[in-house]
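# Coordinates in review
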Amino acid sequence: MKYSEFLKNTKECHFCILVDNQEILQNKNAFLTYALAPYHKDHLLVIPKRHTENILEVTDEEIKDVYDLQKTGLRILQKLGYSNISLIVREGDLTGKSVSHLHYHLIPNVHIGDVDHAGMERTILTEEEIASTISRIKSAIENH
């Protein structure tokens, strides 16, 4: 079954209704599982148990439990022989994530490299672009 078809047929949040045999490990606030539609055969996910869509809503206790399982997942992938692992979290609707429940990807041997989000070759920022970027970030910090 294609992943897009699976998503169309899923009425509830898939991560909130995972069956026990899909969990590899768990702690109080999170669980480690495999990706149902993986980018790589050993693609793992760490998912907070509480349904949240926004990374800023995660509690300190949840962050600790997620981090502990991320480290465990990374160690598992290293024991499987991988030395190149990407840890990715997507925030927002336009990032390509297909399940709104916050989750973290641990993906071995996937190259994220020389192209930007539009598929164009990445370019180095100009001095003007650097100054503008730093100014916007500092303004956001001051207005926080």
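Right above here is the structure, for reference.
The structure contained in this document is the topic of the report that follows. Since the structure is predicted, the reported quantities are computational estimates derived from the model, not experimental observations.

### Observations regarding the overall build of the chain
From N to C terminus, the chain includes three helices and five strands. Ordered by position from N to C terminus, the α and β elements of the chain give α-β-β-β-α-β-β-α. Only carbon and sulfur atoms are counted for the fraction: they give 54% of the accessible area of the chain, which is about 10300 Å².

### A look at the nonpolar core
Among the nonpolar cores identified, the biggest contains twelve residues, and these are Ala30, Leu32, Leu44, Val46, Val58, Val66, Leu69, Leu77, Tyr82, Leu102, Tyr104 and Leu106. Elements represented by at least two residues in this core include exactly strand S2 (30–34), strand S3 (44–48), helix H2 (60–79) and strand S5 (104–108). Take this core: its biggest share by element is three residues, from H2. In this structure Leu44 touches Ile24, Leu32, Thr33, Tyr34, Ala35, Gly73, Leu77, Tyr104, His105 and Leu106, once residues within four positions along its chain are discounted. Cys13, Phe15, Ile47 and Val99 belong to the second-largest nonpolar core, a separate cluster that totals eight residues.

### Side note on the side chain of Asp65
On the secondary structure map, Asp65 appears in helix H2. Lacking a salt bridge, the buried Asp65 has Lys64 as its closest oppositely charged neighbour, with an N-O distance of 4.7 Å. Those residues in contact with Asp65 that lie beyond four places of it in its chain are Asn27, Lys28, Asn29 and Ala30.

Rules used throughout
Residues numbered from 1 in each chain as written. Predicted model: local features only at pLDDT ≥ 70, side-chain atom pairs only at ≥ 80, totals over all residues. Heavy atoms only, no water. Helix = DSSP H or I, 4+ residues; strand = E, 2+ residues; numbered from the N terminus. Areas by Shrake-Rupley, 256 points an atom, 1.4 Å probe, with all protein chains shown as cover. Core = buried A, V, L, I, M, F, W, Y, C linked by side-chain atoms within 4.5 Å. Buried < 20%, exposed > 50% of the residue type's maximum accessible area, 1.4 Å probe, protein only. Contact = heavy atoms within 4.5 Å. Lys, Arg positive; Asp, Glu negative; His and termini not counted. Salt bridge = Lys/Arg side-chain N within 4 Å of Asp/Glu carboxyl O.

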